[in-house]
Amino acid sequence: MLVHGLSAKQLSTLEEMRFRRDLPVEFVFADGKLDMPIALDGTQMDALVTVLCGLARYAFETQMAQGYIPLPGGHRAGVCGKLIHTEDGRKRLRDVTSVCIRMSKDIPGASLPIRAYIKKRKRLLILGPPGCGKTTVLRDAARWLSDECGLHVAVADEREELFSGIKPGKKIDVMQGAGKAEAVQMLLRAMGPQVIVTDEVGDEADVKALEDAARCGTRLLASAHAECWQDVENRPVLKALLDAGTFDGYVFLGHHGCLNRAYDADGQLLDEEAEHGKCNCGNGDCEHNGISHCGW
């Protein structure tokens, strides 16, 4: 097993394992990268994918056609290859050339830097680049809203990253496997949630479902990819949410879930609402725009 040669520190900071056909395996850590002296050929890549699917590859054809395989514990494997359109209208991924296993982290307190915003903002969107810790922060925030705030929280966990194999909070109901838009509608109709939580808002159907939930008076906590306020104004999906007033607060995360900036629905900075705390991300005190951070 490749990870057997890693130190305890490396294992604790491992974020990604990247496999590319006929190229060295790459390990990505919190503080650097390492190329391993091993490469997988096409047959070995195919075997890796089969193992990641629990030897039941047919059961994951839908997810693989969307570029990922959900793994136990909230981990996820991204996959690339050749997408084939079958005669019956389905899509299947074949000839996998790349696999990126992203390691999920369940970190109590990861949402501490944004809790002040969650308290004051009824509908909050968490933003940041891929791999910055949005899902980790979102998971911890959902548990906090459930266990400490006593709210009924419903989670639309489309890609099974938030609470797959991970114990949810005391008052959390999780819908997995369904698309976000479908899951949000199902949760609204059936579970009577006070808060709806979902990850990676990405298309028009997601936007409509969240707009409907907002109109029903349900609190929202969601995440999406963006690096700055200009992305909110320029990306069609985020611009649609902005124009509809779906969210009344936006928080941007930096590396390891550290709070970067926060805005209201009009794009005005809200940094004065931040709670101050000591960062335990291992990099000393993280200071961005005069705000202290914690959670890692």
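Residues numbered from 1 in each chain as written. Predicted model: local features only at pLDDT ≥ 70, side-chain atom pairs only at ≥ 80, totals over all residues. Heavy atoms only, no water.

Chemist: I tried to follow the overall build of the protein on my own but got confused; where do I start?
Modeler: In terms of regular secondary structure, the protein is built from nine helices and 15 strands. The C-alpha atoms of the protein give a radius of gyration of 20 Å, which matches the 19 Å a tight globule of 296 residues would have. If you line up the protein on its principal axes, its C-alpha atoms span 55 × 50 × 40 Å. Taken across its 296 residues, the protein has 51% of its residues classed as buried. Contacts spanning at least 24 positions in sequence make up 55% of the contacts within the protein whose residues lie at least 6 apart. Charged side chains in the protein number 36 positive and 42 negative. The centres of these two groups are separated by 3 Å. (Helix = DSSP H or I, 4+ residues; strand = E, 2+ residues; numbered from the N terminus. Rg over C-alpha atoms; globule rule 2.2 N^0.38 Å. Buried < 20%, exposed > 50% of the residue type's maximum accessible area, 1.4 Å probe, protein only. Contact = heavy atoms within 4.5 Å. Lys, Arg positive; Asp, Glu negative; His and termini not counted. Charge placed at Lys NZ, Arg CZ, Asp CG, Glu CD.)

Chemist: Would you mind going over the pattern of salt bridges with me for this structure?
Modeler: As a working rule, side chains carrying opposite charge can pair if their charged atoms are close by. Counting across every chain of the model gives 15 salt bridges. One salt bridge in this structure joins E200 and R76, with 3.7 Å as the shortest N-O distance. One end of the pair, E200, is in the loop between β10 (195–198) and α7 (204–215); the other, R76, is in strand β5 (residues 76–85), with 124 residues separating them in the sequence. K180 serves as the salt-bridge partner of E158, at 2.6 Å between the closest nitrogen and oxygen. One end of the pair, E158, is in the loop between β8 (153–157) and β9 (172–176); the other, K180, is in helix α6 (residues 180–190), and 22 residues separate them in sequence. (Salt bridge = Lys/Arg side-chain N within 4 Å of Asp/Glu carboxyl O.)

Chemist: Is there a simple way to think about the packing of aromatic side chains in this case?
Modeler: One pair of aromatic rings is described through two measures. These are the centre distance and the angle between the planes. Applying the stated rule across the entire model yields five aromatic pairs. An angle of 80° between the planes, with centres 6.4 Å apart, marks the rings of F27 and F29 as edge-to-face. Since its relative accessible area comes to 8%, F29 is described here as buried. Residues W229 and Y250 carry aromatic rings whose centres are separated by 5.1 Å and whose planes lie at 85° to one another, so their mutual orientation is edge-to-face. Of this pair, W229 sits in helix α8 (residues 229–234) while Y250 sits in strand β12 (residues 249–253), placing them 21 residues apart in sequence. One exposure class covers both W229 and Y250, and it is buried. Members of the aromatic cluster, connected to one another through ring pairs, are W229, F247, Y250, F252 and Y263. (Phe/Tyr/Trp six-rings, centres within 6.5 Å; stacked < 30°, edge-to-face > 60°.)

Chemist: Just to check I follow, could you spell out the environment of P70 for this structure?
Modeler: Secondary-structure assignment places P70 in strand β4 (residues 68–70). Sequence-wise, P70 and S146 are 76 residues apart; in three dimensions their C-alpha atoms are separated by 25 Å.

Chemist: What am I meant to see in the pairing of strand β3 (residues 32–39) here?
Modeler: Where a strand is regular, its side chains alternate between the two sheet faces. Strand direction decides the pairing type here: strand β2 (residues 24–29) and β3, joined by five bridges, are antiparallel. The residue bridging F27 from the neighbouring strand is L34, located in β3. Here β2 hands over to β3 after two residues, the two strands then running antiparallel side by side. (Pairing = 2+ DSSP bridges.)

Chemist: For this particular structure, what's the right way to read the confidence of the model for the protein?
Modeler: Do not read the predicted coordinates in detail wherever pLDDT is low. Mean pLDDT for the protein: 89, with 90% of residues reaching 70 or above. Residue range residues 275–296 is modelled with pLDDT below 50. Its contacts to residues more than four positions away, or to other chains, number 65 contacts. (pLDDT = per-residue confidence, 0-100.)

Chemist: What exactly am I supposed to notice about the nonpolar core here?
Modeler: Where a protein is soluble and globular, its nonpolar side chains tend to be buried together. Ranked by internal contacts, the top residues of the largest apolar core, which has 31 residues, are L125, L127, V232, L238, F247 and Y250. At the level of secondary structure, the elements contributing two or more residues to this core comprise β7 (123–128), β8, α6, α7, β11 (219–225), α8, α9 (236–244) and β12. (Core = buried A, V, L, I, M, F, W, Y, C linked by side-chain atoms within 4.5 Å.)

Chemist: Would you take a moment to explain the packing of α6 against α7 for this structure?
Modeler: Helix-helix packing is described using two parameters, namely the angle between the two axes and the distance between the axes. Orientation of α6 relative to α7, taken along the N-to-C sense of each, is 20°, at an axis distance of 8 Å. With respect to their mutual orientation, α6 and α7 come out roughly parallel. Crossing geometry of α6 relative to α7 is assigned as left-handed. Along its contact with α6, which presents K180, A181, V184, Q185 and L188, the element α7 presents A205, D206, A209, D212 and A213. Tallied by class, residues from the contact of α6 with α7 come to six nonpolar, one polar and three charged. (Axes fitted to C-alpha atoms, helices over the stretch in contact; angles between N-to-C directions. Parallel < 35°, antiparallel > 145°, perpendicular 65-115°, else oblique. Left-handed = near helix turned anticlockwise from the far one by under 90°. Nonpolar A, V, L, I, M, F, W, Y, C, P; charged D, E, K, R; others polar.)

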